[in-house]
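Structural overview for review
Below are the chains, spelled out letter by letter.
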Amino acid sequence: MTAGDSQIDRRLEQLHIWGPYALLGVGAVLAVASADLMDGPAEWYTAGALVGAALLLQTWWHGTRHRRAHRGRSPSRAGTAYYAIRWAIAFVLTWINPFFAFYAAAGYMDADELIPGMWRRLGLFASVVIVAGAQVGGLPVRTTGQWLGFAGLMVVNYALQAFVAHITEQEEQRSRDRASTIEALQQALDENAALHAQLLVQAREAGVADERRRLAAEIHDTLAQGLTGIIAQLQVVVNTPDENQAREHVHRAMDLARHSLGEARRSVHNLAPVALDDAGLPEALKQTVTDWGERTGVRAEFTVTGIAQQLHDEIAATLLRIAQEALSNASRHARAGRLGVTLTFLDEEVILDIRDDGVGFDPLALPPRTRTGGFGLDGMRARAERIAGSLTVESEPGNGTALSARVPLVRHDQ
C-alpha cells in the first residue's frame, strides 16, 4: 500500500466516524430554524429525545471501533443492528421534521461496510425512502402528486446509490485482486529466493566437483605420466650392464621427476603447463613429441600446417594435455613403430591430429576405466568439450589409431 492509499483510508475512516455527527447536527440546526414545521411541544420533546438517543448511539459505536479494528471495515451483525437502529431514529425524526433526512443520508456512506451481502441493497433502499419522503415535503405522503413525486425520487435516488455501490464494490474487488496478486508475487519472490539459494548450493557443489576432476586430470597428466616415464627409465637401468647407458637413463629419470614436480605445482595453482611458459603451443608440442620419441625409441614426427597463432592459454594448455595423454597411451598400448602429430590452424578452429601405426583397437569394445587406470579417451574428450571442442577416434585392430581433437581458435588477446 502506498502513502497516498494510506492517506485516503485515513480520511475515509474519519468520514465514517464523524460524518453521522455532522449530518445529525445539520439536520438539528435546520429543524430548529424551521420550527413552524413541528406541531407543539410533544414533537419538540420527541425530537430532542431522539437526537439525544442518536448521539448516544453514535458515541457507543464510536467508542467500540477499537474492538472492531482487528476485523477492519467489514460487515457484521453489530454493524447491521447499528444501521437499523440509526435508520429507525432517522425515520421518526424525518417524520417530525423533513430536514432530519440529512441524518438518514448517513446510510449512503457506510451501508457497504455495515451490512453484508445483498442486504446492503435493502439498507440503501430504506435510506432512500426517508430521503425521497423529505424531498417531496415530508412524511407522511398525502396527495397523489406527492406520491408520484415520491415514487420518481425513490427511483432516481436508488438508481444513483445503486450505481455508486456497484462502482464501490468493483473497486473493492480490484483492491482484493491487487492484494492477492501482491501476495502471490511475494510468494513467488520467496520461492525464487529459495530456488536461487538452492542453485547457488548446486553451483558450488558443481564447482567443487569440477575442480576435483580438473585436479585429478592434471595429476594424471603430470605425476602419473611422469612416474610412468621414470619407472620405464629405471627399468632400463636395472636391465642394462652398461654403466654409461645406465647413467644416461638415470639422468633422464631425474629430468622427468623435476618436470613432473613443476607440473604438479602449476596444476595446484591452475597455471599453464611448464612447456608453455617460454614457448607457444607449436614449440611446446614439438619438444614434447621429440622427448617422447627419444624415451620410447619410436620414430615421431611433428608438423604444423596453416598460419600459426598465439592461442589463449586455456586452449593451448588443453591441446598440450590431450597430446601428452595420447602419447602416454601410445607408449603403453600401441606398440607403434611410427607416430605423427599434426597441428592445423584454420580460420575459426585448431585441429590436433595424432596417428600411429600400432596394433590399434576396437573403440566400441574398450574395457571400463578402473580405479587404478588412466583417464584415457574419456579424459581427453572431457578436456576438449570443456572448451567447446570435440574429440574423435578412428581405430581398428592391426591398422593403427588416428585421434583428432578440434577446438575453437581463440587468440591470446581475446
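Above this text you will find the structure in question.
Everything in this summary refers to the structure shown in the same document. Residue positions are given per chain, counted from 1 along the sequence in the order it is written. Predicted model: local features are reported for residues with pLDDT of at least 70 only, side-chain atom pairs are reported and counted for 80 or more only, and whole-chain, interface and lining totals are derived from all residues. Side-chain figures throughout are based on the complete set of non-hydrogen atoms in the structure, without hydrogens or water.

The aromatic pairing rule takes the rings of Phe, Tyr and Trp, using the six-membered ring of Trp, and pairs them if the centres are within 6.5 Å, calling planes under 30 degrees apart stacked, those over 60 edge-to-face and the rest tilted. Overall, the coordinates contain seven aromatic pairs when judged by the stated rule. With centroids separated by 5.2 Å and ring planes inclined at 25 degrees, the aromatic side chains of W87 and F91 adopt a geometry described as stacked. One end of the pair, W87, and the other, F91, are both in helix α4 (residues 77–96), four residues apart, so they sit about a helical turn from each other. In this structure W87 comes out as partly exposed when scored by relative accessible area, which is 27%. Ring geometry for F91 against W95: centres 5.8 Å apart, planes inclined by 50 degrees, an arrangement best described as tilted. Note that F91 and W95 are positioned in helix α4 at a spacing of four residues, about one turn of the helix. Grouping aromatic residues by their ring pairs yields a cluster made of W60, W61 and Y82. For helices the rule is a DSSP run of H or I covering at least 4 residues; for strands it is a run of E covering at least 2, with both sets numbered from the N terminus onward. Only protein chains enter the calculation, and the probe is 1.4 Å; a residue is then buried if its accessible area is under 20% of its type maximum, exposed if over 50%, and partly exposed in between.

With that settled, the discussion passes to the pattern of salt bridges. Salt bridges are defined as contacts in which a side-chain nitrogen from Lys or Arg sits within 4 Å of a carboxyl oxygen from Asp or Glu. Under the definition given, this model contains four salt bridges. The salt bridge involving E301 is made with R338; its shortest N-O contact spans 3.5 Å. Remark: R338 occurs in strand β2 (residues 338–345) and E301 occurs in strand β1 (residues 299–305); sequence separation between them is 37 residues. On the accessibility criterion, E301 (32% relative accessible area) is partly exposed. In this structure, E349 engages R406 in a salt bridge whose closest nitrogen and oxygen atoms are separated by 2.5 Å. Of this pair, E349 sits in strand β3 (residues 349–356) while R406 sits in strand β5 (residues 401–408), and the two are 57 residues apart along the sequence. The partly exposed category is assigned to R406, whose relative accessible area is 34%. A cluster of three or more residues bridged by salt bridges with shared partners is formed by R299, E301 and R338.

On to the sheet that holds β2. The strands that make up a sheet pair up through hydrogen bonds in the backbone, lying either parallel or antiparallel. DSSP calls a pair of strands paired once it identifies at least 2 bridges connecting them. Read from one edge to the other, the open sheet built from five strands follows the order β1-β2-β3-β5-β4, with strand pairing classed as mixed. Two strands close off the open sheet at either side, each with one partner strand: β1 and β4 (390–395). The mean angle between the axes of side-by-side strands here comes to 10 degrees, regardless of whether they run parallel or antiparallel. With eight bridges joining them, β3 and β5 adopt antiparallel strand pairing. Across the sheet, residue I351 finds its bridge partner in β5, namely R406. Every residue pair with non-hydrogen atoms within 4.5 Å of one another is taken to be in contact. Axis definition: a line fit to C-alpha positions, over the contact stretch in the case of helices; interaxial angles, taken between N-to-C directions, run 0 to 180 degrees. Relative to β1, helix α10 (residues 281–296) is tilted by about 170 degrees, and along the sheet it contacts β1, β2 and β3.

The values reported here are purely geometric and, on their own, carry no functional implication.
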